[in-house]
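Here are the chains, one letter per residue:
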Amino acid sequence: MAFISWLSRLRSSYSKTITDLRSSFFHHLRSRGASTTAITPPYHFSKQNPFRFTCSNSILPVTLAGSLAIHFQYPPPLCDASLDSLGIGGVGSAEFVVKGSHKHVPQELIEELKAICQDDTSIDYDERYFHGKPQNSFHKAVNIPDVVVFPRSEEEVSNIVKSCDKHKVPIVPYGGATSIEGHTLSPHGGVCIDMSLMKNVKALHVEDMDVVVESGIGWMELNEYLEPHGLFFPLDPGPGATIGGMCATRCSGSLAVRYGTMRDNVISLKVVLPNGDVVKTASRARKSAAGYDLTRLVIGSEGTLGVITEVTLRLQKIPQHSVVAMCNFPTIKDAADVSIATMLSGIQVSRLELMDEVQVRAVNVANDKNLPELPTLMFEFIGTEAYVREQTLIVQKIISEHRGSDFVFAEDPEAKKELWKIRKEALWACFAMEPEYEAMISDVCVPLSRLAELISCSKKELDASPLVCTVIAHAGDGNFHTVILFDPSQEDQKREAERLNNFMVHTALSMEGTCTGEHGVGTGKMKYLEKELGIEALKTMKRIKNALDPNNIMNPGKLIPPHVCF
């Protein structure tokens, strides 16, 4: 009885000691700040139970002697410490080259991939280099993919992902390579899954106005297929973009002011998860309240949660009649004010685009035109012929009240196509001014009422800079881009380009805007996310990522800043 009583007191004393030490330990961690990550022996934590403190068999006599050996067992922090230590993508990062620790790809995995894809597997250096360097982005990475595979079916994608997950080798999904924020870089090497051979239209439901496609098809190819049926898919990002990549980056384009962004035009997805399982996110019904909205979770996830293999899209009827109009203004603020007034008037424009005088000059240089080099607005109106004419007259009156001039409009199909070509090829026109330079492209978006203020404020900085900078805006929804041309070999020009981009992003965030309206995060915008969303939102994203992709193989080093830990 005496021994039992003694043991009971000892347990009580031991429990209190553990509680006191645990409180003291975590108070010490908090006082040292978030930078504390290293815990030296004899402390160890268990992955199975991170807050369980364990003692060796000798704990009782050691306790009696007045000395307590405690072993904390704790999992490593869930953050990319290797990248964070290099300052890549974290708060304040100004790196253009994305660093990463190369992950060895075993020969066994390469043989497995060859067995899955047969001849559609490449380890050729030129092929790997091409897939490791985005075509329209100044972002680069220290590594390129070790293998490029070209699957032809969802089953092949699933088997590829299962093999990579087994060997814990990184995967980078690859679409049209038109993204500009480093989404398709391979900083850790690994396997690039090029979806370009999966471009079939699986089912068209004309009466339901939807279509089921494989993710490798381009939006322009899709619209060519749909045109004979009197239908079209209304999102129009850069030429060459694929439907899968458009979903991954949650893109939009000039028609978003009328039809919404990618999240509004996707009904359902099929996605290969990081363990190789295939999930269908929703039915084909136009609306549903069944369960979590997995479709919207995947849209905008930038390849970090899975590989999109199939997409069900909403379609629209090709408009009966349309008119394209263009006019000029003495200042860019006048043009932005007309954009706001037009939207407040209730007119349902299908496009409302703005170009500053520098961009118009670039168009003139590139296309041998003679357009007035002034801030310019471009409109598109759709509907019946009578309705379109009514809209045109109302907007013409608004323009006259804001010092607008040279109002012209086109109804002829070829004339309309020629006018919109000016806008769609704006980026290439910029390079005509500085052919050897690269472009840093901003993508800020603010509430519509703040657009004129943001553009005016930004324009002052841009005009004062020694760099060539053009402004192009989707003015109807508050989203504007600046093309900043710089010589990548000149450090002072790179720093100036980064300074201008930072200025516009932080100004937009101060107006309750976003660092990216449609281009996505990739590696280039990670450093702004904490200020925009807050650390708790980023931790939530990290938890979702870790739950679905515990081996962190899906497009690692993208979207979620490396300093986010929990």
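Let me sum up the structure you'll find in this document. Only a predicted model underlies this, so the values are computations on that prediction, with no experimental measurement involved.

### Focus on the packing of helix 17 (residues 451–464) against helix 18 (residues 491–510)
Part 1 of the reasoning: Axis separation between helix 17 and helix 18 bottoms out at 10 Å; the angle between their running directions is 160 degrees. Looking at the two axes, helix 17 sits roughly antiparallel to helix 18. As helix 17 packs across helix 18, the resulting crossing turns out to be right-handed. Contacts between helix 17 and helix 18 involve L454, C457, S458, E461 and L462 from the former and R499, L500, F503, M504, T507 and A508 from the latter.

### Quick notes on the sheet that holds strand 10 (residues 210–214)
Part 1 of the reasoning: On the basis of which strands lie adjacent, the open sheet formed by 5 strands has the order 9-10-14-12-13 and antiparallel pairing. Each of the sheet's edge strands pairs with one partner strand only, and the pair in question is strand 9 (201–205) and strand 13 (278–280). Within this sheet the neighbouring strands show an average axis-to-axis angle of 10 degrees, counted without direction.
Part 2 of the reasoning: In this sheet, strand 13 lies alongside strand 12 (residues 266–272) in antiparallel orientation, the contact comprising 3 bridges. Considered in strand 13, the bridge of V271 is made with V279.
Part 3 of the reasoning: Contacts from helix 6 (residues 154–167) reach strand 12, strand 13 and strand 14 (307–314), with the element oriented near 50 degrees to strand 12.
Part 4 of the reasoning: Its contacts with the sheet place helix 7 (residues 219–226) against strand 9, strand 10 and strand 14, and it is angled at close to 45 degrees to strand 9.

### Brief notes about the packing of helix 13 (residues 357–367) against helix 16 (residues 426–433)
Part 1 of the reasoning: Across the interface, helix 13 lies against helix 16 with an axial gap of 8 Å and an inter-helix angle of 80 degrees. Between helix 13 and helix 16, the angle is such that the two are roughly perpendicular. Side by side, helix 13 and helix 16 meet where V358, Q359, R361, A362, V363, V365 and A366 of the first sit next to A426, A429, C430, A432 and M433 of the second.
Part 2 of the reasoning: Classifying every residue of the contact of helix 13 with helix 16 by side-chain character gives 10 nonpolar, 1 polar and 1 charged.

### Remarks on the pattern of salt bridges
Part 1 of the reasoning: Inspection of the entire model under this criterion finds 32 salt bridges.
Part 2 of the reasoning: Residue K199 pairs with E221 through a salt bridge whose shortest N-O separation is 3.4 Å. Here K199, found in the loop between strand 8 (191–194) and strand 9, pairs with E221, found in helix 7; they are 22 residues apart in sequence, far enough to count as distant.

### What about the sheet that holds strand 6 (residues 147–149)?
Part 1 of the reasoning: Pairing is mixed across the open sheet formed by 4 strands, whose spatial order is 4-6-8-7. Edge positions in the sheet fall to strand 4 (121–122) and strand 7 (171–174), since each has one partner strand and no second.
Part 2 of the reasoning: Across 2 bridges, the pairing between strand 4 and strand 6 is antiparallel. Counted as the bridge partner of S122 is V148 from strand 6.
Part 3 of the reasoning: Against the sheet, helix 6 touches strand 6, strand 7 and strand 8, its axis set at about 170 degrees to strand 8.

### Looking at the environment of V471
Part 1 of the reasoning: Mapped onto the elements of the fold, V471 is located in strand 22 (residues 468–474).
Part 2 of the reasoning: With 139 residues separating them in the primary sequence, V471 and I332 have C-alpha atoms 9.5 Å apart.
Part 3 of the reasoning: In this view, V471 contacts I332, L354, M355, D356, Q359, L462, F480, H481 and T482; residues no more than four positions away in its chain are not counted.

### Description of the pairing of strand 8
Part 1 of the reasoning: Every second residue of strand 8 is oriented toward a common face, with V191 and I193 on one face and C192 and D194 on the other, all of them buried.
Part 2 of the reasoning: Bridge analysis of strand 6 against strand 8 gives 3 bridges, and the strand direction is parallel. Bridged to V149 within strand 8 is I193.
Part 3 of the reasoning: Pairing of strand 7 with strand 8 involves 4 bridges; the strand directions are parallel. Bridging across to strand 8, V172 finds its partner in C192.

Analysis parameters
Residues numbered from 1 in each chain as written. Predicted model: local features only at pLDDT ≥ 70, side-chain atom pairs only at ≥ 80, totals over all residues. Heavy atoms only, no water. Axes fitted to C-alpha atoms, helices over the stretch in contact; angles between N-to-C directions. Helix = DSSP H or I, 4+ residues; strand = E, 2+ residues; numbered from the N terminus. Parallel < 35°, antiparallel > 145°, perpendicular 65-115°, else oblique. Left-handed = near helix turned anticlockwise from the far one by under 90°. Contact = heavy atoms within 4.5 Å. Pairing = 2+ DSSP bridges. Nonpolar A, V, L, I, M, F, W, Y, C, P; charged D, E, K, R; others polar. Salt bridge = Lys/Arg side-chain N within 4 Å of Asp/Glu carboxyl O. Buried < 20%, exposed > 50% of the residue type's maximum accessible area, 1.4 Å probe, protein only.

Functional significance is not addressed by these values, which are geometric in nature.
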